[in-house]
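Per-entry structural report
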Amino acid sequence: MPTLDFVGVVPVNKFSFTIAPLASVTGGEKTYGTAFTVSDVENLDIAIDNGIEEWYALGEDGWVNRLMTARSITVNMSGKRNYADTGNNTIGQDYFLDVGLANEVKLTITFPNSDTLAIPGVLNVTGLAGGATDVDKLEFEIQIWYHYFDVAEFWALVRPVAS
């Protein structure tokens, strides 16, 4: 277990991330290229969406029944468009224009305790520009693909183990 140089809660600016583009697919095996960082990212938000089905059975006296039937993970990022940064340009230009497998990436998030989570997904540029007096923005999301994703690894990182 990594040694922590903090106690309690930590700010999000202690997280770091890299993005690696899909380089090739050979016989179903995917290889990712050199990972890059993106400068001037201000927000990193890991959203977990759970599909929960609800129903009210006649014999349950009006109480609801629920069953989780789906799960989705999306990592949303936003910041400023920096034309001097290679990673920022890669997102703002290349991924904005590409479609298909060209938009598949592997996102690696490093948590403050040095744990890492590498998750493949589809990079989707969701916003550029802004208002007349705004600094040019760059907004994007990475939607995770379940069948390439190690669910146990993810839950080990986000669900604390009781000691």
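Bear in mind that the values here come from a model prediction, so they are computed numbers and not experimental data.

This paragraph deals with the overall build of the protein. Within the protein one finds two helices and seven strands. In sequence order, the protein lays out its α and β elements as β-β-β-β-α-β-β-β-α. Nonlocal contacts in the protein, meaning residues at least 24 apart in sequence, comprise 58% of its contacts between residues at least 6 apart. Surface summary for the protein: the accessible area is close to 10500 Å², and the carbon and sulfur share equals 53%.

A separate point is the pairing of strand β2 (residues 29-32). Because side chains alternate across β2, one face comprises the buried residues K30 and Y32, and the other comprises E29 and T31, none of which is buried. Across four bridges, the pairing between strand β1 (residues 16-26) and β2 is antiparallel. Across the sheet, V25 pairs through a bridge with K30, a residue of β2. Following β1, the chain reverses through two residues before pairing antiparallel with β2; G27 in that reversal takes a positive phi of roughly 60 degrees.

All right, on to the sheet that holds strand β4 (residues 65-80) then. Here seven strands make up an open sheet; going across it, the order is β2-β1-β5-β6-β7-β4-β3 and the pairing antiparallel. This sheet does not close on itself; its edge strands, each paired only once, are β2 and β3 (41-55). For this sheet, the mean angle separating the axes of adjacent strands, direction not counted, is 40 degrees. As judged from the 14 bridges shared by β3 and β4, these two strands associate in the antiparallel manner. Bridge pairing links I52 to M68 in β4. Contacting β1, β4, β5 (104-110), β6 (116-129) and β7 (137-144), helix α1 (residues 86-97) runs over the sheet at an angle of about 75 degrees to β6.

Among the structural elements, N103 can be located in the loop between α1 and β5. On the accessibility criterion, N103 (7% relative accessible area) is buried. In this view, N103 contacts Y95, D98, G121, V122 and L123; residues no more than four positions away in its chain are not counted.

Compared with the 16 Å implied by 1.5 Å per residue over 12 residues, the 16 Å span of α1 between its first and last C-alpha is a close match. Listing the buried residues of α1 in full gives G87, N88, N89, T90, I91, G92 and Y95.

Looking at chain direction, β4 and β7 are connected through seven bridges and run antiparallel. By the bridge assignment, T74 is partnered in β7 with Q143. As paired elements, β6 and β7 share eight bridges and run antiparallel to each other. Directly across from L123, in β7, lies its bridge partner I142.

A full pass over the atoms with the stated rule returns four salt bridges. We note a salt bridge from E42 to K80, for which the minimum N-O separation is 3.6 Å. One end of the pair, E42, is in strand β3; the other, K80, is in strand β4, and 38 residues separate them in sequence. For K80, a relative accessible area of 31% puts it in the partly exposed group. Of the charged contacts, one joins K137 and E139 as a salt bridge, the two residues approaching to 3.8 Å between their closest N and O atoms. Taking relative accessible area as the criterion, E139 reaches 26% and is therefore assigned partly exposed.

Calculation rules
- Residues numbered from 1 in each chain as written.
- Predicted model: local features only at pLDDT ≥ 70, side-chain atom pairs only at ≥ 80, totals over all residues.
- Heavy atoms only, no water.
- Helix = DSSP H or I, 4+ residues; strand = E, 2+ residues; numbered from the N terminus.
- Contact = heavy atoms within 4.5 Å.
- Areas by Shrake-Rupley, 256 points an atom, 1.4 Å probe, with all protein chains shown as cover.
- Buried < 20%, exposed > 50% of the residue type's maximum accessible area, 1.4 Å probe, protein only.
- Pairing = 2+ DSSP bridges.
- Axes fitted to C-alpha atoms, helices over the stretch in contact; angles between N-to-C directions.
- Expected span 1.5 Å × (residues − 1).
- Salt bridge = Lys/Arg side-chain N within 4 Å of Asp/Glu carboxyl O.

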